[in-house]
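The chain contents come next:
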Amino acid sequence: MATIPPQPMLTPQLDPTRLEQFMHKMVEDMGAAVSGSLIITGTKLGLYRKLAELGPATSDDLASSLGLDRRYVREWLSAQAASGFVDYDAAGDLFSLNPEQSMALANEDSPVYVAPAFELIAATYIDEPRITEAFRTGGGVGWHEHHECLFRGTEKFFRPGYRANLVAAWLPALDGMVERLEHGASVADIGCGAGASTIIMAEAFPNSRFVGFDYHEKSIDRAREAAREAGDPPNLRFEVATAKAAPGGDYDLVCCFDCLHDMGDPVGAARHVREMLKADGAFMLVEPFANDRLVDNLNPVGRLYYSASTMICTPGSRAQEVGLALGAQAGEARLADVLDQAGFRSVRRAAATPFNLVIEARP
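All figures in this text were calculated on a predicted structure; none of them were measured in a lab.

A.B. asks: What should I look at first to understand the side chain of Thr198 in this one?
C.D. replies: Structurally, Thr198 is set in helix H10 (residues 196-204). On the basis of relative accessibility, which here comes to 0%, the residue Thr198 falls in the buried class. With residues up to four places along the chain from it excluded, the contact list for Thr198 reads Asp189, Cys192, Phe210, Val211, Gly212, Leu236 and Phe238.

As structure tokens, then:
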């Protein structure tokens, strides 16, 4: 029998224009990746906030106002200008923040304050060796096993969005819920983390009672500290408990904010939520926004969420029992299926933003 000689591997024809375009994209992304550390530094040192206060200023003026080294501040400002994070007037050698930049980087009360996201992202670099090893083993890396900058960044990054939407839009989207909260309701916030969502609700509805649960003891410690910073609302408490073991019953409302997809057994957790509710109670599930098909999530928001899901959410779920690993882009249909398996009779989309999907489920 004749032997067929091995065929040469075909090399695809390179398109120089496409290669140049792709390399432009890679250089942009490399600049974005390294600039994140500068945003963390600028936030910690108050550089953005002070520049917003000063208005157009020289690098020496900014450095002197904060007692910082002039050379470092000059280089930092140059990088910020190159990134488009601050404006630069070459004629006067002046740096400034325009109103839009200020909202995103200097104003902690702004609904689009995104500076803390980069501290969250820093954890993915620090923890990369453990995640890379999990690819080989199929094991998990629990939330509690990440670097502490993940916890700080998550609290500060998510809080502005909750502040802007939770009381003004999301709770009113639940049938009759605001009226119940105004008169006096019992509410559980499961997977509350550092308690930002729980505190916002407790402050808005003083006649209702709120309890936040999280398995991560350090997060509950921080939630209690945050409650003290908010004046210790008397209608609020925090307890250490897993989602499937959170105590209590007859709740009017149970919430999960950006955490059900992180759980190893989201069906079991949702089933426990159903058991915690009154017969006419409601489960408010807030998850990262996603369309149901991958092709429809191939956009900047999907890029951010899939990346975070690879480094944080999927490993977190794999570290727990069942390890379903829904991921941060589960989508409405997949989430509805989880709630249906948990026994909820009514599931509907109540609200949405470009970053959030809000689902109301009834027992």
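A.B. asks: When you look at the sheet that holds strand S8 (residues 346-352) in this model, what are you seeing that I'm missing?
C.D. replies: Pairing between the strands of a sheet is mediated by backbone hydrogen bonds and can be parallel or antiparallel. Taken in spatial order, the 7 strands line up as S5-S4-S3-S6-S7-S9-S8 in an open sheet, and their pairing is mixed. This sheet does not close on itself; its edge strands, each paired only once, are strand S5 (236-240) and S8. Mean inter-strand twist for the sheet, computed between neighbouring axes without regard to direction, equals 20°. Across 4 bridges, the pairing between strand S3 (residues 186-190) and strand S6 (residues 251-257) is parallel. Bridging across to S6, Val187 finds its partner in Leu253. Relative to strand S9 (residues 356-362), helix H14 (residues 332-341) is tilted by about 25°, and along the sheet it contacts strand S7 (277-288), S8 and S9.

A.B. asks: What exactly am I supposed to notice about a nonpolar patch on the surface here?
C.D. replies: A cluster of nonpolar side chains, namely Leu14, Leu19, Phe22, Met23, Met26, Val27 and Met30, defines an oily patch on the protein surface of about 680 Å² accessible area. With respect to the helices and strands, Met26 occurs in helix H1 (residues 16-44). Take Met26: its relative accessible area is 32%, and that puts it in the partly exposed class.

A.B. asks: Sorry if this is basic, but what is going on with the pattern of salt bridges here?
C.D. replies: Should the charged atoms of two oppositely charged side chains come close, the side chains can pair. Overall, the coordinates contain 28 salt bridges when judged by the stated rule. The residue Arg303 makes a salt bridge to Asp29 at a minimum N-O spacing of 2.5 Å. Residue Arg303 is located in helix H13 (residues 300-318), and its partner Asp29 is located in helix H1; the two are separated by 274 residues in the primary sequence. Residue class for Arg303 comes out partly exposed when judged on its relative accessible area of 48%. Note that Glu360 is salt-bridged to Arg362, the shortest N-O span being 2.7 Å.

A.B. asks: Would you explain the pairing of S8 in this entry?
C.D. replies: The side chains of a regular strand alternate, residue by residue, between the two faces of the sheet. Looking at chain direction, S8 and S9 are connected through 6 bridges and run antiparallel. Considered in S9, the bridge of Ala351 is made with Val358. In this antiparallel pair of consecutive strands, S8 and S9, the connection spans 3 residues.

A.B. asks: I tried to follow the pairing of strand S4 (residues 209-214) on my own but got confused; where do I start?
C.D. replies: Counting buried positions along S4 gives 5 out of 6 residues, so the element sits mostly inside the fold. Of the strand pairs in this sheet, S3 and S4 are connected by 5 bridges, and their pairing is parallel. Directly across from Ala188, in S4, lies its bridge partner Val211. In this view, the connection linking S3 to its parallel neighbour S4 by way of H10 has right-handed handedness.

A.B. asks: How do you make sense of the packing of aromatic side chains when you look at a structure like this?
C.D. replies: Two aromatic rings are characterised by how far apart their centres lie and by the angle between their planes. What the rule picks out here adds up to 8 aromatic pairs. Measuring from ring centre to ring centre gives 6.0 Å for Phe158 and Tyr162, while their planes differ by 35°; the resulting arrangement is tilted. Of this pair, Phe158 and Tyr162 are both found in helix H8 (residues 148-170), 4 residues apart, which corresponds to roughly one turn of the helix. The exposure class of Tyr162 is buried, given its relative accessible area of 6%. An angle of 70° between the planes, with centres 6.2 Å apart, marks the rings of Tyr162 and Trp170 as edge-to-face. Taken together, Phe157, Phe158, Tyr162, Trp170 and Phe257 form an aromatic cluster joined through their ring pairs.

A.B. asks: It is not clear to me how the packing of helix H2 (residues 47-54) against helix H4 (residues 70-83) should be interpreted in this structure. Could you clarify?
C.D. replies: Between two packed helices, both the angle of their axes relative to each other and the distance between the axes serve to describe the pair. Two elements in contact, H2 and H4, have axes separated by 13 Å at closest approach and are oriented at 80°. Here H2 is positioned roughly perpendicular relative to H4, judged by the angle of their axes. Every residue of H4 that contacts H2 at Leu47, Tyr48 and Leu51 is listed here: Val73, Trp76, Leu77 and Gln80. A breakdown of the residues in the contact of H2 with H4 according to their chemical character gives 6 nonpolar, 1 polar and no charged.

A.B. asks: Sorry if this is basic, but what is going on with unusual backbone geometry here?
C.D. replies: Glycine aside, residues mostly have negative phi, and peptide bonds are mostly found in the trans state. One non-glycine residue, Asp258, lies in the positive phi region at around 50°. Relative to the assigned elements, Asp258 resides in the loop between S6 and helix H12 (266-276). The class for Asp258 is buried, based on a relative accessible area of 11%. One non-glycine residue, Ala325, lies in the positive phi region at around 55°.

The rules we used
- Residues numbered from 1 in each chain as written.
- Predicted model: local features only at pLDDT ≥ 70, side-chain atom pairs only at ≥ 80, totals over all residues.
- Heavy atoms only, no water.
- Helix = DSSP H or I, 4+ residues; strand = E, 2+ residues; numbered from the N terminus.
- Buried < 20%, exposed > 50% of the residue type's maximum accessible area, 1.4 Å probe, protein only.
- Contact = heavy atoms within 4.5 Å.
- Pairing = 2+ DSSP bridges.
- Axes fitted to C-alpha atoms, helices over the stretch in contact; angles between N-to-C directions.
- Patch = residues over 30% accessible without salt bridge, like charges linked within 9 Å, V, L, I, M, F, W, Y side chains within 5 Å.
- Areas by Shrake-Rupley, 256 points an atom, 1.4 Å probe, with all protein chains shown as cover.
- Salt bridge = Lys/Arg side-chain N within 4 Å of Asp/Glu carboxyl O.
- Right-handed = clockwise from strand over helix to strand, strands pointing away.
- Phe/Tyr/Trp six-rings, centres within 6.5 Å; stacked < 30°, edge-to-face > 60°.
- Parallel < 35°, antiparallel > 145°, perpendicular 65-115°, else oblique.
- Nonpolar A, V, L, I, M, F, W, Y, C, P; charged D, E, K, R; others polar.

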